[in-house]
Amino acid sequence: MVPILHGLAAGVLFIASSAVCLADTTSHSDAASIQRGAYLAKAADCTACHTAPGGLPFAGGLPIKSPVGTIYSTNITPSLSAGIGGYSEAEFDRAIRQGIRRDGANLYPAMPYTSYQLLSDADVHDLYNYFHYGVAPVNVASHPTSLPFPMNIRMSMKVWNLLFFSGHRFTPDPHQSAEWNRGAYLVNGAAHCDTCHTPRGFLMQELSGQTMAGSQVGSWYAPNVTSDPVSGIGSWSQQDIAHYLKTGILLGNARAAGNMGEAVEHSFQYLTQADLEAIATYVHTIPAVHDPAATQSRFSYGAPSIELATLRGENPIRSFTGPSPTGAELFSANCASCHEAFGQGSKDGYYPSLFHNSVTAEANPSNLIATILFGVNRTTAAGQAYMPGFGGKATDPNQLDNHEIASLANYVFAQYGRAGIVVSEDDVVMVRQGGPSSPLVLLARIGMGVGAVVVILLILFFSFRPVRRSQA
Amino acid sequence: MASSYSADVVIVGTGAVGCTVAEQALDAGLSVLMLEAGPWVERWQIVENFRNLPPALKGGGHFDAPYPPKPWAPHLETYTEAVAAEYLQLEGPDALAYRQGYVRYAGGATWHWAGICWRLTPDDMRLKSLYGVGRDWAFDYHTLEPFYTRAEYSMGVCGPSDPALQWPPIRSKPYPMGRLPLGPGEQRLTDAAAKIGLLNIPTAQARNSGVSYHDRPPCCGNNNCFPVCPIGAKYDAATVLPRIVAKGGVILPNAVVYRVETGEKNIVQAVHFFDPEKTSHRVTGRAFVIACNGIETPKLLLLSRDDRNKNGVANSSDQVGRNMMDQAKIVTISTFAEPLWTGVGPVQGSSIMQTSQGKFRSEYAGVQIRMENAARSGIGGMAALQKGLVGKALDAEIRRLSACTGQITLEHETLPSPINRLTLSDKKDWLGLNKPNIYYDVGDYVRRSVQKFSVPTVKRLLSELGATDSQIATQFTHSDHIMGGCIMGADPSNSVVDPDCRAHDHENLFLPGGGAMTTGGSGNSTLTMVALAMKASDALVAQLKAG
């Protein structure tokens, strides 16, 4: 099971097999436009949801774990029978920027049309050309999605759209530089950063005044990336931001894993230096949102330390797995061979230090738990950065149970990061299952009984929050 | 889905061979039940066991020390001579050369293997027809080659892409991963060997080189392959156990199989095991696989003698337990004028293999020549302490011994000989089962090689390397490559299993692994064992699918 980013585009762009053939598949093609479209598709990270691991590009079929059932991403290749080959440009535009598929049904906002609405006409045209002439058709329908009632009622989306969907195109700010405006266009449009980084309100709308202030995304936590020097990334230079997006690494600060690792791997590393710098220029000015509880930047916690003296000579040589290992014992046996005895990482930086590391100093413990469970697997031009998961998948060679992971995480927080963060076994259960769970299907059915449309909306949006764990 | 006591395929043993068959059978839709004599212990505990060992047990070949045996599943503890002699009974002129190390834990002896994945060469499989010694295999290299490839992709083997450095360079697919670089000591050896016309080549090894494979991380050079890879970068069968469970296989640890039960037409009906309370249980199935490596498998067959099989199960040929082979090892320890600095990277990373081939094999044994790449700091540290040194003098001596000493190992091909025989000892183990007894003589074929070829060659090599002092062992030791006890052949009158590792005497009993190997060559045996497990799996699956 591989959950993904925009929880939901599932079953969404399904195309009737009676699609009208294109009159001429080549005359509309324009090499430069296709190339621009390919670049935009990278910037928009379409592949994150629409290409399954080991599958053909954009053929869909990625299983998405959601609290209301498994949904499968759609085939967006130009196949007439299985993909979007039958879409006119206007129909394509309507799907991308309004969230309405060819048959008139609404898409769920896991397909980030609320961000893509900002795209320019020219960019939508290029994307259309790319997906029609630059992508190889795959005539295999992706796995059909079958969600339980009432999740299959798409009409409710029309009400939500009335409330929260503006339909505005991007409007440049004349007081800002062209570079800043380019960055704003990319960050809020194609790259849809806010989809993960902005917390949501009661109806799962993005909260105004909290833009990019940090939010739980399935198993992982997308942290505060506003310009606040303590709570956000205000301590990073524009160069730092661009470097991080290109490589997934800012030494002594942070590494990209989970959804962000995939965004670097599939999207940001391919952007031009100019676009990365434009993004950095804009991100650097995102209004600071300060967490009053935060007194210290998450990049500055911790120091090298070791507790081996508490271990050696204490434990016998066992012919069974010790039933109640200490955090220090688990760290020594599972972590220290790569992260080194003092948690300092390797000299070449391949293995990160565990202090001065955003993961071990975030108030929300999800990223540390998720990293232990699911590991890291991020490939960039510099090669693969890999850490094995310790039991997030049933096939992982080493399986730690919830108690062991909680002990280990508590030890790492106390020893190398933000002391005082306490991880419970329930926290591990939550991350292991893919994020906070809720009895929403049941509530929705009750809600239907009393005609509570609002509840349905809540359900739909809460359920389809962007959820993507690390790829298998 | 297998129940506790029945499955389509019942597999005894959870090492590399058992796990290979299990996964192939599960992938084919068959139910699988695995019975493991020893406990199932998590890697982190074994790593901690290793780190909690006293220094004297961390180095020097005590690879079993972090795996204390259960009373019901004794293996060879090497703490002391007396303890080592406790379970395995040995006799013959080279008895100590068969004191094999293996682990009766879920995951088996690959827990502490080096990960070396040499293939046999075409000539290794035709000793009788080419050189008039030993036996010919029932099939040729080209029959085995596809199974070698599957074994390499199943385990995740890294190796060179340059055919000049491949062994042998007859391959249908490239290695799944590129080779690992050589450490400085092995590079020195490579250069010295070249000066006397010998080619030291990078080892094909089941270890992740720079990338992940099967959810395991790349090797980061802990140099701890013996006795446990702390991060699982090296393939060991323990890394496969969760995958087998995820696919629906059932693994029962602490279940000591002591009897194979036959029925009409000599078809195997069940196996019987003792649990730790000494209670017996009966397990039925459609096909049975005994994958307990070359000592425990023949021991179990001999223990299972019944009215139909008075010499033991699968033993109408009287070959069960005979032809016990290993690579007879001669160890050399030397001091060098210049630092070698072994210890960078995995514990073994290269070998001279060309010395295993040649017309001389009609007269004496071929040999693999290898510089061990294990860090010498542990051994050097103990030696320096024993000299009574302290302070800076101690530091300097540890450094000198770590850098300027080295071990070169000679591993000789032994021939299958019926006199090298495993039988049941009168002595009983904790459960009351007969202990194995082995007579072992490396044979004149090997002794002539030492005299005329292998030791003279290594002396030239040591001289080229600048050795100032060398101790060349005069006694053979074991390589832990247990082969031959269920020897394969086309003729049921002089072999135990057919070319699919199926017992000649029992159509639903498979005995894949080292025991089935007809000859062993000079290379490490595991890859061939897993390739044979692949071949046996295909036959087993086809047989059960056919009904």
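What counts and how
- Residues numbered from 1 in each chain as written.
- Chains lettered and ligands numbered in written order.
- Predicted model: local features only at pLDDT ≥ 70, side-chain atom pairs only at ≥ 80, totals over all residues.
- Helix = DSSP H or I, 4+ residues; strand = E, 2+ residues; numbered from the N terminus.
- Buried ≥ 20, exposed ≤ 12 C-beta atoms within 10 Å, placed from the backbone.
- Contact = placed C-beta atoms within 7 Å.
- pLDDT = per-residue confidence, 0-100.
- Pairing = 2+ DSSP bridges.
- Axes fitted to C-alpha atoms, helices over the stretch in contact; angles between N-to-C directions.
- Nonpolar A, V, L, I, M, F, W, Y, C, P; charged D, E, K, R; others polar.
- Parallel < 35°, antiparallel > 145°, perpendicular 65-115°, else oblique.
- Left-handed = near helix turned anticlockwise from the far one by under 90°.
- Domains from an automatic or database assignment.

Chemist: Describe the overall build of chain A, and please don't skip the residues or the numbers.
Modeler: Counting secondary structure elements, chain A contains 18 helices and 8 strands. When each of the 472 residues of chain A is scored for burial, the buried share is 51%. Within chain A, residue pairs in contact and separated by at least 24 positions form 70% of the contacts whose partners lie at least 6 positions apart.

Chemist: Talk me through the confidence of the model for chain A; I want residue IDs and the actual numbers.
Modeler: Residue and element names in this part refer to chain A. When pLDDT is averaged across chain A, the result is 86; 83% of the residues are at 70 or more. With pLDDT under 50 throughout, residues 1-27 is counted as low confidence; its partners more than four residues away or in other chains account for 82 contacts. Every residue in residues 468-472 scores below 50 in pLDDT, and together they form 25 contacts with partners more than four places removed in sequence or on other chains.

Chemist: How would you sum up the environment of A:Ala110? Please name residues and give values.
Modeler: Residue and element names in this part refer to chain A. Along the polypeptide, alanine 110 turns up in the loop between helix H3 (89-98) and helix H4 (113-116). We classify alanine 110 as buried; it has 28 C-beta atoms within 10 Å. It is 24 Å that separates the C-alpha atoms of alanine 110 and valine 376, two residues lying 266 residues apart in sequence.

Chemist: Could you give an account of the sheet that holds strand S14 (residues 434-439) of chain B, naming the residues involved and the relevant values?
Modeler: Backbone-to-backbone hydrogen bonds pair the strands of a sheet. The strands run either parallel or antiparallel. All names here are of chain B. With mixed pairing, 3 strands are arranged side by side in an open sheet as S3-S14-S13. Looking at strand neighbours, the two that pair on one side only are strand S3 (89-91) and strand S13 (421-428), the edges of this open sheet. The average angle at which neighbouring strand axes cross in this sheet is 30°, direction not considered. Sheet topology note: the S13/S14 ladder contains 5 bridges and is antiparallel. The partner of arginine 421 across the bridge, within S14, is tyrosine 439. The strands touched by helix H9 (residues 293-303) are S13 and S14; relative to S13, the strand with the most contacts, the crossing angle is about 70°.

Chemist: I'd like to hear about the pairing of strand S12 (residues 405-412) of chain B, residue by residue, with values.
Modeler: Residue and element names in this part refer to chain B. Among the 8 residues that make up S12, 7 are buried, leaving the element largely enclosed by the rest of the structure. Alignment of strand S9 (residues 328-336) against S12, held across 8 bridges, turns out to be antiparallel. Bridging across to S12, valine 331 finds its partner in threonine 409. Where strand S11 (residues 367-371) and S12 come together, 5 bridges link them in antiparallel fashion. Each bridged residue has a counterpart across the sheet, and for isoleucine 369 the counterpart in S12 is leucine 410.

Chemist: I'd love a proper account of the interface of chain B and chain A, names of residues and values included.
Modeler: Taken together, the contacts link 31 residues of chain B with 26 residues of chain A. Of all the secondary-structure elements, those providing two or more residues to the side of chain B that touches chain A are helix H2 (43-52) and helix H8 (241-246) of chain B. A per-element tally of the side of chain B that touches chain A places H2(B) first, with 8 residues. Looking at the side of chain B that touches chain A, its residues break down into 16 nonpolar, 7 polar and 8 charged.

Chemist: Quick rundown of the packing of H3(A) against helix H5 (residues 121-134) of chain A? Include the residues and the values.
Modeler: All names here are of chain A. The geometry of H3 relative to H5 is characterised by a closest axis approach of 10 Å and an angle of 115° between their N-to-C directions. Relative to H5, H3 is oriented roughly perpendicular. Crossing geometry of H3 relative to H5 is assigned as right-handed. Counting all contacts with H3, which are made through Glu89, Phe92, Asp93, Ile96 and Arg97, the residues of H5 involved are Val124, His125, Leu127 and Tyr128. Within the contact of H3 with H5, the residues separate by chemical class into 5 nonpolar, 1 polar and 3 charged.

Chemist: Tell me about the domain arrangement of chain A, and please be specific about residues and values.
Modeler: Residues and elements named next belong to chain A. Assigned domains within chain A: domain 1 (178-283) and domain 2 (308-432). With 19 residues of domain 1 at the interface, the matching set in domain 2 holds 19 residues. Going through the elements one at a time, strand S4 (220-222), strand S6 (254-255) and helix H10 (258-266) are the ones with two or more residues in the side of domain 1 that touches domain 2. Top contributing element to the side of domain 1 that touches domain 2 by residue count: H10, with 4 residues.

Chemist: Before we move on, can you summarise the packing of helix H6 (residues 141-155) of chain B against helix H13 (residues 526-545) of chain B with the specific residues and values?
Modeler: Residue and element names in this part refer to chain B. Running from amino to carboxyl end, H6 crosses H13 at an angle of 105°, the nearest separation of the two axes being 8 Å. When the interaxial angle is binned, H6 and H13 end up roughly perpendicular. Of the residues in H13, those touching H6 at Leu144, Phe147, Tyr148, Arg150, Ala151, Ser154 and Met155 are Leu527, Val530, Ala531, Met534 and Lys535. Of the residues belonging to the contact of H6 with H13, the class tally is 9 nonpolar, 1 polar and 2 charged.

Chemist: Tell me about unusual backbone geometry, and name the residues and values.
Modeler: Omega for the bond connecting B:Trp167 with B:Pro168 falls within 30 degrees of zero, at -20°, which places this linkage in the cis form. The residue after B:Phe226, namely B:Pro227, is reached through a cis peptide bond having omega -5°. If you trace the backbone, B:Pro227 turns up in the loop between strand S4 (200-202) and H8. The backbone of A:Glu340 sits at a positive phi, close to 75°, despite the residue not being glycine. The phi dihedral of B:Asn293 falls on the positive side, at around 65°, and the residue is not glycine. One can find B:Asn293 in helix H9.

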